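Reading the structure
As a plain string of letters, each chain reads:
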Amino acid sequence: DVEMVIAIDGPAASGKGTLARRLALHYGLPHLDTGLLYRAVALALIDADRDLADAAAAEDAARSLRAESLGDTRLRERAMGEAASVVSAIPAVRAALLDWQRRFAAAPGGAVLDGRDIGTVVCPDAPVKLFITASPEERAQRRYRELGGRGEPVTFEAVLADIVRRDARDADRAAAPLRIADDAVVIDTTDLDADGAFRAATAVVDTRR
Ligand code: C5P
């Protein structure tokens, strides 16, 4: 058996997080939602009353990040996704979080990581790379339902605007922009439910093992 590193990338609300959790459970592997790392850096800056664009403070926050801070429920808030995409464009922040992610990926037996640059930068040698996507409208619909279910007051239009802005920022930044790794398998979940996405993903994983 090879080290089972499963690298999952994709834009915001593509369903990659749900899929990553299910794959991790199914294959008995640890899972890291790497978006949480960037969200935690953003939250640390906000809590310290620092500017999100303060690169030195952001790098410090990234270097002193602790695993315990990844459980903070505030990390899931809508504003934090936005703030995370600002700090994630700072190269020193990405560099500081790289070792963290690679150590996680080196777990004996393997690991599942999901984010924006796992297959391209963090784990370029991963035997399985998936790129999960869906139309912006479908992704906005999912995020809208999720936020509504948690009682965050927000309109569908605002969520769609967030998604489009975040897609553009993540794809256009100079440092590790969101792109499809050459050897990634693309799964478009626009017309798939969570079970359908899971079946498509396990079909890929099982051929690579
Ligand atoms: O996936 P999530 O919405 O939690 O990610 C929040 C933000 O963190 C993304 O919009 C992106 O800018 C950044 N991110 C990143 N690289 C990753 C994971 C997340 O740049 N591997």
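From a predicted model like this one, the values you see are computed outputs, not experimental measurements.

Remarks on the environment of Gly15
- Mapped onto the fold, Gly15 is located in the loop between strand 1 (4-9) and helix 1 (16-27).
- When the C-alpha positions of Gly15 and Arg139 are compared, they lie 8.0 Å apart, and in sequence the two are 124 residues distant.
- Not counting chain neighbours up to four residues away, the residues in contact with Gly15 comprise Ile132 and Arg142.

Describing the site of the ligand
- Near the ligand, the surroundings consist of 15 residues, among which Arg39, Ser88, Arg94, Arg166 and Asp170 are the closest.
- A distance of 2.9 Å separates an oxygen atom of the ligand from a polar side-chain atom of Arg173.
- Protein contact buries 97% of the 460 Å² of open area that the ligand shows by itself.
- For the shell around the ligand, the elements supplying multiple residues, two or more each, are helix 2 (35-47), helix 4 (78-87) and helix 8 (156-172).
- Here the element with the most residues in the shell around the ligand is helix 2; it accounts for three residues.
- Taken together, the residues of the shell around the ligand break down into two nonpolar, five polar and eight charged.

With respect to the UniProt feature "binding site: ATP" (unreviewed entry) in the protein chain
- Here the UniProt feature "binding site: ATP" (unreviewed entry) sits at Gly10, Pro11, Ala12, Ala13, Ser14, Gly15, Lys16, Gly17 and Thr18. Lining the largest pocket, from this annotated set, are Ala12, Ala13, Ser14, Gly15, Lys16, Gly17 and Thr18.
- Within the secondary structure, Pro11 is located in the loop between strand 1 and helix 1.
- Look at Pro11 and you get buried, because its relative accessible area is 7%.
- Not counting the four nearest positions on each side in its chain, Pro11 is found in contact with Lys16, Arg116, Phe131, Ile132, Thr133, Arg139, Asp167 and Leu178.
- Mapped onto the elements of the fold, Lys16 is located in helix 1.
- At a separation of 3.4 Å, a polar atom in the side chain of Lys16 contacts the main-chain carbonyl oxygen of Pro11.

Notes on the UniProt feature "domain: Cytidylate kinase" (unreviewed entry) in the protein chain
- Per the UniProt annotation, the sites labelled "domain: Cytidylate kinase" (unreviewed entry) are residues 6-195.
- Taken end to end, residues 6-195 comprises 51% helix and 12% strand; its first and last C-alpha atoms sit 18 Å apart.

Examining the layout of surface pockets
- Quantified by volume, the largest pocket comes out at close to 980 Å³.
- Considering the residues around the largest pocket, the lining is formed by 46 residues, among which Ala12, Ala13, Lys16, Gly17 and Arg143 are closest to the centre.
- For the lining of the largest pocket, the secondary-structure elements that each account for two or more residues are helix 1, helix 2, helix 4, strand 3 (110-115), helix 7 (136-149), helix 8 and helix 9 (194-208).
- Here the lining of the largest pocket gets six residues from one element, more than from any other, and that element is helix 1.
- Among the residues making up the lining of the largest pocket, the classes are represented as 12 nonpolar, 11 polar and 23 charged.

Analysis parameters
Residues numbered from 1 in each chain as written. Predicted model: local features only at pLDDT ≥ 70, side-chain atom pairs only at ≥ 80, totals over all residues. Heavy atoms only, no water. Helix = DSSP H or I, 4+ residues; strand = E, 2+ residues; numbered from the N terminus. Contact = heavy atoms within 4.5 Å. Near = heavy atom within 4 Å. Polar contact = N/O pair within 3.5 Å; in protein donor to acceptor, adjacent residues only side chain to side chain. Areas by Shrake-Rupley, 256 points an atom, 1.4 Å probe, with all protein chains shown as cover. Nonpolar A, V, L, I, M, F, W, Y, C, P; charged D, E, K, R; others polar. UniProt positions renumbered as here; feature names shortened; annotations may be inferred. 1 Å grid on protein atoms, 1.4 Å probe; cavity = no way out; pocket = protein on both sides within 12 Å on 5 of 7 lines; lining within 4 Å. Buried < 20%, exposed > 50% of the residue type's maximum accessible area, 1.4 Å probe, protein only. Points joined across faces, edges and corners; volume = space filled by probe spheres on them.

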